[in-house]
Amino acid sequence: MMRPVLSREGREVLAQIAWANVLVAFDYDGTLAPIVDDPARATMRRGTRGLLARVAERYPSAVISGRAQHDAMLSFSDISLCALIGNHGLEPWRNPDDYEVRVRRWRRLLEDRLGNLKGVVIEDKRLSLAIHYRASREKKVAVAAIREAVAGLSSVRVISGKQVVNVLPYGAPHKGIALQRVRDQQGCDTALFVGDDETDEDVFSLDQPGRLLGVRVGRSRTSRAPYYLADQDAIDELLRVLLSARRTSADMRRESDAPTA
Ligand SMILES: [Mg+2]
């Protein structure tokens, strides 16, 4: 049973983890940025961006996205992240050359089979593919065709998402592996991770009590995350809670200088 992380009990858990040697990590689309029809136009609200920039000054902060790393990078140029992981956990690390070979082959096969399907777009992220069908008017038809097409691929891992089907090399490192790598690199004892979609379940299902606190954007009956945020808007409040848990002496000076009503 998932519990609300912005409840009184959830806030206490957040306050506790803020005092620990913690890595904070976030998915991007659907978590830091609202989902929009055209993924190329997805962007963080100004408020979220400002809060995240301040959180990143107080905590080692990472983004673990399904986007290609260079694509995600554009959104975080002015935020001091300790790590920006792309391709569902594959980038920036070195991967077997075979992954790219596989992905190129899949792309050709899928373009042959799905190329005529209106509203279906195959995004090539070099180490993985994303087949988007958000623009399709006949989603059931699109999903059935995509399912049939990917069933013909070998050595593949297929993860369905929100109006997208992700196609990855079987056995490739996933977001859960990536989170553990960054947590180790940063010498952190524990991590907070917030995500909204199927590939984030690779983190949630690590199931490492005391070493990981998983928060899902949106309640779900099937998620392995112990906590949830009501919706994407609520990410701002979660960032505010993290900020106030690590107030600096400058914050406290500002507060004591403020005129009292
Ligand atoms: Mg997401």
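Structure shown above.
Residues numbered from 1 in each chain as written. Predicted model: local features only at pLDDT ≥ 70, side-chain atom pairs only at ≥ 80, totals over all residues. Heavy atoms only, no water.

Undergrad: Help me understand the sheet that holds strand 8 (residues 164-169) in this model?
TA: The strands that make up a sheet are held in pairs by hydrogen bonds between backbone atoms, and each pair lies either parallel or antiparallel. Strand order across the open sheet formed by four strands is 5-6-8-7, with antiparallel pairing between neighbours. Edge positions in the sheet fall to strand 5 (121-124) and strand 7 (156-161), since each has one partner strand and no second. Shown here is a sheet whose adjacent strand axes are inclined to one another by a mean of 20°, direction ignored. Pairing between strand 5 and strand 6 (residues 129-132): four bridges, direction antiparallel. Within strand 6, the position partnered with Ile 122 by the bridge is Ile 131. Packed onto the sheet, helix 4 (residues 97-114) meets strand 5, strand 6, strand 7 and strand 8 and runs at close to 20° relative to strand 6. Here helix 5 (residues 139-151) sits on the sheet in contact with strand 6, strand 7 and strand 8, set at roughly 165° to strand 7. (Pairing = 2+ DSSP bridges. Helix = DSSP H or I, 4+ residues; strand = E, 2+ residues; numbered from the N terminus. Axes fitted to C-alpha atoms, helices over the stretch in contact; angles between N-to-C directions. Contact = heavy atoms within 4.5 Å.)

Undergrad: Help me understand the coordination of the magnesium ion in this model?
TA: Six octahedral donors at a metal ideally form angles of 90 or 180 degrees, and four tetrahedral donors ideally form angles of 109.5 degrees. In the first shell of the magnesium ion, the protein supplies Asp 27 (OD), Asp 29 (O) and Asp 196 (OD), at 2.1 Å from the metal. In terms of primary sequence, the donors binding the magnesium ion are separated according to D-x1-D-x166-D. Taken together, the residues span a long stretch of sequence, with Asp 29 in the loop between strand 2 (22-26) and helix 2 (46-58) and Asp 196 in the loop between strand 9 (190-195) and helix 7 (201-204) at a distance of 167 residues. Classification of Asp 29 by relative accessible area gives partly exposed; the value is 24%. We classify Asp 196 as buried; its relative accessible area is 1%. (Donors = N, O, S within 2.8 Å, 3.2 Å for Na, K, Ca; no water. Buried < 20%, exposed > 50% of the residue type's maximum accessible area, 1.4 Å probe, protein only.)

Undergrad: How should the packing of aromatic side chains be read in this particular structure?
TA: Any pair of aromatic rings gets described here by the distance separating the centres and the angle formed by the planes. By the definition in use, this model includes two aromatic pairs. With a centroid separation of 5.3 Å and an interplanar angle of 70°, the aromatic rings of Tyr 28 and Phe 76 are classed as edge-to-face. In this pair, Tyr 28 sits in the loop between strand 2 and helix 2 while Phe 76 sits in the loop between helix 3 (69-73) and strand 4 (83-85), placing the two residues 48 residues apart along the sequence. Neither residue differs from the other here; Tyr 28 and Phe 76 are each classed as buried. Taking the centre distance of 5.8 Å and the plane angle of 55° together, the rings of Phe 193 and Phe 204 count as tilted. With Phe 193 in strand 9 and Phe 204 in helix 7, the pair connects residues that are 11 residues apart, well separated along the chain. Accessibility classification places Phe 193 together with Phe 204 in one group, the buried group. If you follow Arg 181 out to its NZ or CZ, it ends over the ring of Trp 93, 4.6 Å from the centre. (Phe/Tyr/Trp six-rings, centres within 6.5 Å; stacked < 30°, edge-to-face > 60°. Lys NZ or Arg CZ within 6 Å of the ring centre and 35° of its normal.)

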